[in-house]
Amino acid sequence: MYLEIVSPEATLFSSEVDAVTVPGVDGEFEMLKDHAAIVSLLTAGTVKIKVHTKPHLEYDKLHPEVTPHVSDNKVLTLNIKSGTLELKDNKIIILAD
């Protein structure tokens, strides 16, 4: 599954991932490969990006706002104020503030 996170200033993340957890308006939810298509508004919170089977990621080249989780460095986190998400055909695009 491919994830792209874009802010007004820059592309914050762009890579293959295993799973993504986001702060939806009705609560946190997770998307895995072959998830049904979805469009959702996001609220303030943390986007959790699971990359356990993706050894190609170079952590020193990540955007400074994307950081490894304190208890698991194969989970990346990004705090957002709000956003919009679209998932279709195993590609997630998050427009984040």
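Residues numbered from 1 in each chain as written. Predicted model: local features only at pLDDT ≥ 70, side-chain atom pairs only at ≥ 80, totals over all residues. Heavy atoms only, no water.

Asker: Any chance you could explain the overall build of the protein chain here in plain terms?
Answerer: What the protein chain contains, in helices and strands, is zero helices and ten strands. Traced from its N-terminal end to its C-terminal end, the protein chain shows the element sequence β-β-β-β-β-β-β-β-β-β. Expected size for 97 residues packed as a compact globule is a radius of gyration near 13 Å; at 12 Å, the protein chain falls within 12% of this value. Judged by the C-alpha coordinates and their principal axes, the protein chain covers about 30 × 30 × 25 Å. Split into buried and exposed, the 97 residues of the protein chain put 36% on the buried side. The distance from the centre of the 9 positive side-chain charges to the centre of the 15 negative ones in the protein chain is 3 Å. (Helix = DSSP H or I, 4+ residues; strand = E, 2+ residues; numbered from the N terminus. Rg over C-alpha atoms; globule rule 2.2 N^0.38 Å. Buried < 20%, exposed > 50% of the residue type's maximum accessible area, 1.4 Å probe, protein only. Lys, Arg positive; Asp, Glu negative; His and termini not counted. Charge placed at Lys NZ, Arg CZ, Asp CG, Glu CD.)

Asker: So what exactly am I meant to see when it comes to the pairing of strand S4 (residues 27-32) here?
Answerer: Consecutive side chains along a regular strand alternate between the two faces of the sheet. The sheet contact formed by strand S3 (residues 19-24) and S4 spans six bridges and is antiparallel. Bridged to Val22 within S4 is Phe29. (Pairing = 2+ DSSP bridges.)

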